[in-house]
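# Commentary on secondary and tertiary structure
So you can see what is in the structure, the chains are spelled out below.
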Amino acid sequence: MKKLLLSLCMVLALTACKDEKNSAQTNEKPIIKIGASLPLTGNLAQVGQAGVNAMEMALDKWKKLDTKYDYKLVIENDMMKPQQANLNVQKLINIDKVSAIMSLFGVVDRVVDDAANKQKVISMSCSYGKSDVPEYAINTGAQNEEIYDVALKQLRKENVKTVSLMGSNAAVSNGILDYFVKHLAQDGIKVLTDERYGLEERDYRISIQKSEALNPDYYLLMGVEPANSIWVKQYTELTGKKNFGSLGTFPQLQPGFWEYIENRWTVYLNGGTEEFVKEYNNRYNGATYGCTANMYDNLDILITAFENTPLHAGAKIPTTGDVINYIHNLKTWNGMFGEFKIDPSGIAHPKIDVRVYRDGKFIKVEE
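Residues numbered from 1 in each chain as written. Predicted model: local features only at pLDDT ≥ 70, side-chain atom pairs only at ≥ 80, totals over all residues. Heavy atoms only, no water.

Regarding its fold elements, the protein presents 11 helices and 15 strands. Across its three principal directions, the C-alpha atoms of the protein cover 105 × 40 × 35 Å. For the protein, with 367 residues in total, the buried portion stands at 53%. The long-range fraction of contacts in the protein, counting pairs at least 24 apart against all pairs at least 6 apart in sequence, stands at 65%. Of the side-chain charges in the protein, 42 are positive and 45 negative, and the distance between the mean point of each set is 4 Å. (Helix = DSSP H or I, 4+ residues; strand = E, 2+ residues; numbered from the N terminus. Buried < 20%, exposed > 50% of the residue type's maximum accessible area, 1.4 Å probe, protein only. Contact = heavy atoms within 4.5 Å. Lys, Arg positive; Asp, Glu negative; His and termini not counted. Charge placed at Lys NZ, Arg CZ, Asp CG, Glu CD.)

Here we come to the side chain of Asn88. Note on placement: Asn88 falls in helix H3 (residues 82-94). Sequence-distant contacts of Asn88, that is, excluding residues within four places in its chain, are made with Ser37, Glu76, Asn77 and Asp78.

Right, let's talk about the nonpolar core for a bit. Grouped together as the largest cluster of nonpolar side chains are 93 residues, with contacts concentrated most on Ile34, Tyr128, Ile147, Leu247 and Leu302. Each residue touching Leu302, except ones within four places of it in the same chain, is listed here: Ile34, Ala100, Met102, Ile122, Met124, Val323 and Ile327. Counting 20 residues, the second largest nonpolar core, distinct from the first, contains Ile208, Leu221, Trp231 and Ile261. (Core = buried A, V, L, I, M, F, W, Y, C linked by side-chain atoms within 4.5 Å.)

Bringing the sheet that holds strand E12 (residues 339-342) into the picture now. The strand order across the open sheet built from 3 strands is E11-E12-E13, with neighbouring strands paired in antiparallel fashion. The sheet is open, and its two edges are formed by strand E11 (332-334) and strand E13 (348-349), each paired on a single side. Taken strand by strand, helix H10 (residues 292-308) contacts E11 and E12, and its axis lies near 115 degrees from that of E11. (Pairing = 2+ DSSP bridges. Axes fitted to C-alpha atoms, helices over the stretch in contact; angles between N-to-C directions.)

So, in C-alpha cells, the structure goes:
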C-alpha cells in the first residue's frame, strides 16, 4: 500500500511539474529578432557604435512596457563594405531568422535594402539623398531636396557664383552631388569641377591644384570618411583659404582634424531633440553623430508597428508585409529626431538646418 501511495504521489508531482512547464511555455511571448549591419570598425566605427547605443536606448524603453512580443537585437559589423554587408544580410536572415534589418549610409544600405527585399524582410536605413526604396524598405535620412534647399540659402547668403564639388565614388555621395550638379546650374551657380574620389584615395593635392586653377568661389564637400578630414587639411595647407562647406559630412570628421573647419558651415544632418542628445550624452558620455537619432527612431517605429499590426488567424507574429504597410500609413512621426513626414513609399522628410563649427560646437546659423 505504501508503495502504491508513493507511486501515486510521484505521478501527481510529475504531472504538476509538466503542467507548470506547459503553462510557462504558453505564457512566453514570441520573440521578434531584429538585425543590424553597421560599421563597428574602421573610419566610421564611432558612427556605427552610436547607432547601436541609440537602438539599445529604444529597446530599453520598450522593455519597461507590457509588450505583446519580446525583441532581440542581432548586430553584425559590415566595416562600411558592401560585400560584408551582403554577407551579414544572408546570415541575419537565413541563420538568425530576423524579421527586419537596420543599416546606415549609402555605401552599404542599398545592398542591405535589395538583399532583404528579395526575402520580404524589412530594411530600415538612415541614408542621405536616398529618395527611392524597395517595397519592404524605409529610409529616415534627409533627402536631396532638403539638403539642397538649406545649402542653397547659405551659398546665396555668401554671394557664391561658382563652386567645385568634392565627393566619394559611393551611392551616398553620388546621389547628393548629382542632384546638386543638376540644380545649381538652374539656380545660377556654375559647377566648375566635380571630383568623385575612390574610397581608398588619400592624396587630393593634385586635384585641388587643378580646381584652384579655375578659381572657384566655393567648395562643397560630400565625401566618405576619411576623405573629408584629409581633404580639408590638404586644402588648408596648400591654399591657406577657408572657402568650403560640407553637405552633411563635417560632424563625422576624424580626431585631430577639427581645427581645419573652425568657422566653416555644414548642412547639419545629426539632428536629435535636446532631450535625446542630453539623455544620450549622460548615458554614454559621448557625442551623437549623423543618423544616431534616426537609428533610435527606426527601431522605435518598427516596434510600434509590430505591436499595433493585427495578426492573421493562427499566426504568432504579424507578417512583414502587414508591418511595412502599417509604417507606410503612419504619415508623420514625432520621435528623437523631431517630427518628420513619412511618404507612403517609405521615404521620410526630417527638418534640417545649417550650422557653423565654432569653439568645439556646431552652432545653428540664424536665417
